[in-house]
Amino acid sequence: MGIDVNVALSAEPTVRDVSWTERDVLLYHLGLGAGTNNLDPAELAWVYEKNLRVVPTFAMVAGQGVSAGAIEASGMNLPGIDIDLRKILHGGQSLTLHAPIPVSGTAQISSRVADVWDKGKAAVIVLEQAATDVDRNPLWTSSMQIWARGEGGFGGPAGPDVVTATPDREPDKVLVSKTSAQQALVYRLSGDMNPLHADPAFAKMAGFEQPILHGLASYGIVCKAVVDGILDGDPAAVQAYSARFAGSLCPGETIETSVWRGDNELILQAVCVERDQQPILTHATMEIR
């Protein structure tokens, strides 16, 4: 087991066709905690097929949900990468939207390992994906940083430094998102079946007191909160969104997102309320149209 850097970086992109339906979108939104107030028309638009909207971060799970059937969770299916799931953590994520995501559709997704960084005690695998529609028009591109504990020290580059400082002033708005005790169990049905998010014994072997919420769930929760609270409920206003995952969140805890407005950019920082404002998402920005 481990990482063969040369094999990982030289492999041809993996191309797969995916499709999704309204049910996949609805389930994803429920995994983000949508629908808690089913009498609110704005909230109902996320969880009812009539006038359904799509949170942009659905791109992260498109083609992996209920329409995909059975899902294996045995490891990372990447060339040159063979790592125990207990060793990996999601370190960061970026997403660029080239067009609104339809409520149902088909796409072709090309995936490749773009970089492997040496962080000493860990390696960071940078997985890039590009999605196009049936006419080969671009839909979205994404870059995922996967931390593999114990896989560093091979003498490779450390990767770029990322610096996104929050402004030296009070945020323009603070958004509060309460998660539920079963939220990770719902979110994992959209594709990430890692037992770290469901099995207490597995979580303890991985060094956590209990199963934790997916990093991409926190990423999506913050995106939805910003669309609702800053962008007047318009997901098409999101052009790009990136963040680093600074800490874990347990299901049932509360995310507090501070937002600073710029001309065409929002600077974000998300913390856990119950744990003395422990950072959850940092170095986070959203480009808006």
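Below or above, wherever it landed, is the structure these notes cover. (Residues numbered from 1 in each chain as written. Predicted model: local features only at pLDDT ≥ 70, side-chain atom pairs only at ≥ 80, totals over all residues. Heavy atoms only, no water.)

## Notes on the overall build of the chain
In terms of helices and strands, the chain carries six helices and twelve strands. In terms of overall size, the chain behaves like a compact globule, its C-alpha atoms giving a radius of gyration of 18 Å where 289 residues would be expected to give roughly 19 Å. For the chain, the C-alpha atoms occupy an extent of roughly 50 × 45 × 40 Å along the three principal directions. Put simply, of all contacts in the chain between residues at least 6 apart along the chain, 72% involve residues at least 24 apart. If you sum the accessible surface of the chain, you get close to 13700 Å²; carbon and sulfur atoms cover 49% of it. In the chain, the 21 positive side-chain charges and the 34 negative ones have mean positions that sit 3 Å from each other. (Helix = DSSP H or I, 4+ residues; strand = E, 2+ residues; numbered from the N terminus. Rg over C-alpha atoms; globule rule 2.2 N^0.38 Å. Contact = heavy atoms within 4.5 Å. Areas by Shrake-Rupley, 256 points an atom, 1.4 Å probe, with all protein chains shown as cover. Lys, Arg positive; Asp, Glu negative; His and termini not counted. Charge placed at Lys NZ, Arg CZ, Asp CG, Glu CD.)

## Topic: helix α2 (residues 22–31)
Counted residue by residue, α2 has seven buried out of ten residues, so it is predominantly covered. The complete set of buried residues in α2 reads D24, V25, L26, L27, Y28, H29 and G31. Against β2 (14–20), α3 (41–47), α4 (183–187) and α6 (215–229) lie the buried residues of α2. Positive phi appears at G33, one or two residues downstream of α2, with a value of about 95°. (Buried < 20%, exposed > 50% of the residue type's maximum accessible area, 1.4 Å probe, protein only.)

## Side note on the layout of surface pockets
Of the volumes computed, that of the second largest pocket is approximately 280 Å³. Around the second largest pocket, the lining comprises 15 residues; the ones closest to its centre are V176, S177, K224, A225 and D228. Those elements that place two or more of their residues in the lining of the second largest pocket are β8 (173–178) and α6. For the lining of the second largest pocket, the element with the highest residue contribution is α6, accounting for five residues. Here the lining of the second largest pocket is built from residues that sort into six nonpolar, five polar and four charged. (1 Å grid on protein atoms, 1.4 Å probe; cavity = no way out; pocket = protein on both sides within 12 Å on 5 of 7 lines; lining within 4 Å. Points joined across faces, edges and corners; volume = space filled by probe spheres on them. Nonpolar A, V, L, I, M, F, W, Y, C, P; charged D, E, K, R; others polar.)

## A few points about the side chain of S142
By secondary structure assignment, the location of S142 is in strand β7 (residues 138–149). For S142, a relative accessible area of 9% puts it in the buried group. The residues contacting S142, other than those within four sequence positions of it, are M60, Q93, S94, L95, L127, E128 and Q129.

## Here's the deal with the packing of aromatic side chains
Both the distance between ring centres and the angle between the ring planes are used here to describe each pair of aromatic rings. Following the criterion strictly, the structure yields six aromatic pairs and no others. A ring pair is formed by W20 and F58, whose centres lie 6.0 Å apart and whose planes are at 65°; its orientation type is edge-to-face. With a gap of 38 residues between them, W20 in strand β2 and F58 in the loop between α3 and β3 (81–82) connect regions that are remote in the sequence. Exposure remark for F58: the relative accessible area of 1% places this residue in the buried category. Within the aromatic cluster, the residues linked to one another by ring pairs are W20, Y28, F58, W140 and Y187. (Phe/Tyr/Trp six-rings, centres within 6.5 Å; stacked < 30°, edge-to-face > 60°.)

## Considerations on α6
With 15 residues, α6 ought to run about 21 Å at 1.5 Å a step, and its terminal C-alpha atoms sit 21 Å apart, in line with that. Residues of α6 that are buried include every one of L216, A217, S218, Y219, G220, I221, V222, C223, K224, A225, V226 and V227, and no others. (Expected span 1.5 Å × (residues − 1).)

## What to know about the sheet that holds β7
Strand order in the open sheet formed by ten strands is β2-β5-β6-β7-β4-β9-β12-β11-β10-β8, and the pairing between neighbours is antiparallel. The strands lining the two open edges of the sheet, one partner per strand, are β2 and β8. For this sheet the average axis-to-axis angle between neighbouring strands, irrespective of direction, equals 20°. As paired strands, strand β11 (residues 265–272) and strand β12 (residues 278–288) are joined by seven bridges and run antiparallel to one another. Note that in β12 the partner of C272 across the bridge is Q278. (Pairing = 2+ DSSP bridges. Axes fitted to C-alpha atoms, helices over the stretch in contact; angles between N-to-C directions.)

## Points about the pattern of salt bridges
What the rule picks out here adds up to six salt bridges. For the salt bridge of E128 with R112, the shortest nitrogen-to-oxygen distance reads 3.0 Å. Of this pair, E128 sits in strand β6 (residues 122–132) while R112 sits in strand β5 (residues 105–118), placing them 16 residues apart in sequence. You can call R112 partly exposed: its relative accessible area is 39%. The partner of E274 in a salt bridge is K178, with the nearest N and O atoms 3.6 Å apart. Of the two residues, E274 is situated in the loop between β11 and β12 and K178 in strand β8; the sequence distance between them amounts to 96 residues. Members of the salt-bridge network, linked through shared partners, are E43, K224 and D228. (Salt bridge = Lys/Arg side-chain N within 4 Å of Asp/Glu carboxyl O.)

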